[in-house]
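Spelled out, the chains give:
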Amino acid sequence: MPVITSIEDLKRLHQRRTPRMFYDYAESGSYTEQTFSENVSDFSKIRLRQKVAVDMSDRYTGGTMLGENVTMPVALAPVGFTGMQSADGEIKAARAAEAFGVPFTLSTMSICSIEDVAAHTTKPFWFQLYVMRDEEFVDNIIERAKRAGCSALVLTLDLQILGQRHKDLKNGLSAPPRLTIPNIINMATKPQWCMGMLGTKRRSFGNIVGHAKGVGDLSSLTSWTNEQFDPKLDWDKIARIREKWGGKLVLKGVLDADDARRAADFGADAIVVSNHGGRQLDGALSSIRILPSVVRAVKGQTEIWIDSGIRSGQDVLKAIAMGADAAMIGRAYIYGLGAMGQQGVTKALQVIQKELDITMALCGERDIRNLGAHNLLVPQDFEGNWA
Ligand SMILES: Cc1cc2nc3c(=O)[nH]c(=O)nc-3n(C[C@H](O)[C@H](O)[C@H](O)COP(=O)(O)O)c2cc1C
């Protein structure tokens with residue numbers, strides 16, 4: 001087994017072991033990919049304040065998210081097509097998360113269905129909802145999530161229309177992949193992946209197939225999103241969904257202090273400061289640059305989580321010290337899954353926790369709950385002075 005010391009190592013293995021169209025699907029942003037790359041590079045502009053001669057024994061990285069105990073305040077974000085990165089990927093990721101003690105969020109666009117993931121795990125997971133035009137389908141999938149015991153609904157607000165990712169169009173992204181000559185040649189170089197896929201029946205969108213009426217070309221994400229996602233999603237519709245769901249509600253994709261206020265006033269249990277990992281509005285600011293304004297607006301009123309660009313425990317520490325209550329990771333665990341299946345997701349979580357723990361110690365902190373602005377060196381113009 002290769003020695004893995006960072007998320008970057010997992011990313012390299014993911015690229016080597018998974019068909020190009022799925023690696024590219026994960027590793028892209030929309031249009032010019034400016035927001036996608038700044039999500040990562042903006043984290044590196046924040047520096048850490050070193051402290052010496054302080055007791056750094058018995059450290060604690062735990063906490064709660066929505067009242068659930070977590071080993072560290074980091075949840076696995078919803079990611080579509082996860083079961084194409086590795087056979088039965090959602091089940092593998094959910095099991096790794098459960099064993100590690102962090103929450104797993106299942107995407108509407110998953111390959112393994114809600115029921116399937118529930119049958120292969122023992123603790124409740126979270127379900128992410130994309131709102132479709134077909135209200136009956138939406139009501140039905142909410143019921144299914146309830147029946148499966150999901151403990152929170154994560155409602156994604158920033159993808160009612162798909163931001164274009166050039167590589168997906170060029171690669172003809174689909175689940176399962178079409179058996180074209182270039183795809184066959186590429187898959188032939190990924191024997192482990194092929195063996196996994198041959199050994200499972202889960203190769204299409206498990207939450208949708210057999211549940212949605214009048215579904216057109218489901219294998220094409222673009223045409224399916226255009227046909228099915230509800231572009232009229234607004235606060236009234238969100239209220240309707242909250243009523244149907246009746247449980248903990250997380251609003252994901254907030255990237256503006258006014259929207260954060262609206263979400264907090266609405267009574268969201270948590271908001272996720274997110275630009276969908278740079279996959280939607282290219283040209284938007286990175287999540288970490290928006291975070292301080294959201295913290296000023298709604299800290300204490302709702303839980304503030306952040307995602308987009310987190311690739312290390314240092315990044316998690318920076319986000320928490322800036323005022324986030326928790327973080328979500330997308331690609332960081334997907335690299336692990338594509339690299340080494342369930343073991344790889346566990347590895348990604350271990351890498352991040354270890355980095356978080358050691359970095360906390362070197363900052364002179366023993367308890368993650370004590371992190372704050374005093375641990376950071378932030379350039380004065382970090383948030384930017386935008387007209
Ligand atoms: C390959 C991929 C697929 C995604 N699919 C979904 C999805 O189905 N639902 C959703 O709400 N967010 C989705 N996201 C966004 C993630 O939940 C999360 O916001 C993002 O990955 C965070 O950025 P990071 O990858 O830099 O950590 C997806 C992200 C990636 C990379």
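Refer to the structure printed above.
Residues numbered from 1 in each chain as written. Predicted model: local features only at pLDDT ≥ 70, side-chain atom pairs only at ≥ 80, totals over all residues. Heavy atoms only, no water.

## Overview of the pairing of strand β8 (residues 249-254)
For a regular strand, side-chain orientation follows a simple rule: the groups alternate between the two sheet faces. Keep this limit in mind: Exposure classes here rest on a 1.4 Å probe applied to the protein chains alone. A residue is buried below 20% of its type maximum, exposed above 50%, and partly exposed in between. Put simply, DSSP H or I for four residues or longer makes a helix, DSSP E for two residues or longer makes a strand, and each gets a number counted from the N terminus. Note on pairing: DSSP must find at least two bridges between two strands before they are called paired. Seen with its strands pointing away from the viewer, a crossover is right-handed when the path leading from the first strand over the helix to the second is clockwise.
In terms of burial, β8 is a largely internal element, six of the six residues being buried. Here four bridges tie strand β7 (residues 152-156) to β8, and the two strands are oriented parallel to one another. Paired with valine 154 across the strands is valine 250, a residue of β8. One ladder, built from four bridges, connects β8 with strand β9 (residues 270-273); its direction is parallel. Bridge pairing in β9 links valine 254 to valine 273. Following the backbone out of β8, through helix α13 (residues 257-266) and into the adjacent parallel β9, one traces a crossover that is right-handed.

## Some points on unusual backbone geometry
A cis amide bond links alanine 175 with the next residue in sequence, proline 176, at an omega value of -5 degrees. Looking at the element boundaries, proline 176 is found in the loop between α8 (166-171) and α9 (181-188). At histidine 276, a position not held by glycine, the phi torsion is positive, near 60 degrees. Along the chain, histidine 276 falls in the loop between β9 and α14 (287-298). Residue histidine 276 is classed as buried on the basis of its relative accessible area of 12%. One non-glycine residue, serine 308, adopts positive backbone phi at about 95 degrees. With respect to the helices, strands and loops of the structure, serine 308 is situated in the loop between β10 (303-306) and α15 (313-321).

## Some thoughts on the site of the ligand
For clarity, the threshold we go by: One heavy atom within 4 Å of a molecule or strand is enough for the residue carrying it to be called near that molecule or strand. What qualifies as a polar contact is a pair of N or O atoms within 3.5 Å, subject to a donor-acceptor requirement within protein and to the restriction that residues adjacent in sequence count only when both atoms come from side chains. Here the accessible surface of atoms and residues is derived via Shrake-Rupley with a 1.4 Å probe, and residues count as covered only by protein chains that are part of the display. Residue type decides the class: Asp, Glu, Lys and Arg count as charged, Ala, Val, Leu, Ile, Met, Phe, Trp, Tyr, Cys and Pro as nonpolar, and the leftover types, Gly among them, as polar.
Taken together, the neighbourhood of the ligand is formed by 22 residues, with Pro78, Ser107, Thr156, Asp307 and Gly309 sitting nearest. One nitrogen or oxygen atom from the side chain of lysine 252 is found 3.0 Å from an oxygen atom belonging to the ligand. Protein burial of the ligand: of its 600 Å² of free accessible surface, 99% is covered by the chains. Looking at the shell around the ligand, its residues break down into seven nonpolar, 10 polar and five charged.

## Examining the nonpolar core
What counts, and what does not: Definition used in this section: a nonpolar core is a set of buried Ala, Val, Leu, Ile, Met, Phe, Trp, Tyr and Cys residues joined via side-chain atoms within 4.5 Å.
Judged by nonpolar contacts, the single largest core of 113 residues is most densely connected at Phe104 and Leu129. Considering every element that reaches this core, the biggest residue donor is helix α16 (residues 331-362), with 14 residues. Counting residues in each nonpolar core, the second largest holds 14 residues, with Leu66, Ala77, Ala152 and Met328 among its members.

## Points about the sheet that holds β8
Rules: Two residues form a contact once any of their heavy atoms are found within 4.5 Å. Helix axes are fitted only over the stretch in contact, all axes being lines through C-alpha atoms; the angle between N-to-C directions runs from 0 to 180 degrees.
Pairing is parallel across the open sheet formed by eight strands, whose spatial order is β4-β11-β10-β9-β8-β7-β6-β5. Each of the sheet's edge strands pairs with one partner strand only, and the pair in question is β4 (74-76) and β5 (105-106). The sheet contact formed by β4 and strand β11 (residues 326-329) spans three bridges and is parallel. Bridged to valine 74 within β11 is alanine 327. α16 rests against β4 and β11 of the sheet, and its axis sits at about 160 degrees to β11.

Just distances and angles here, no functional claims.
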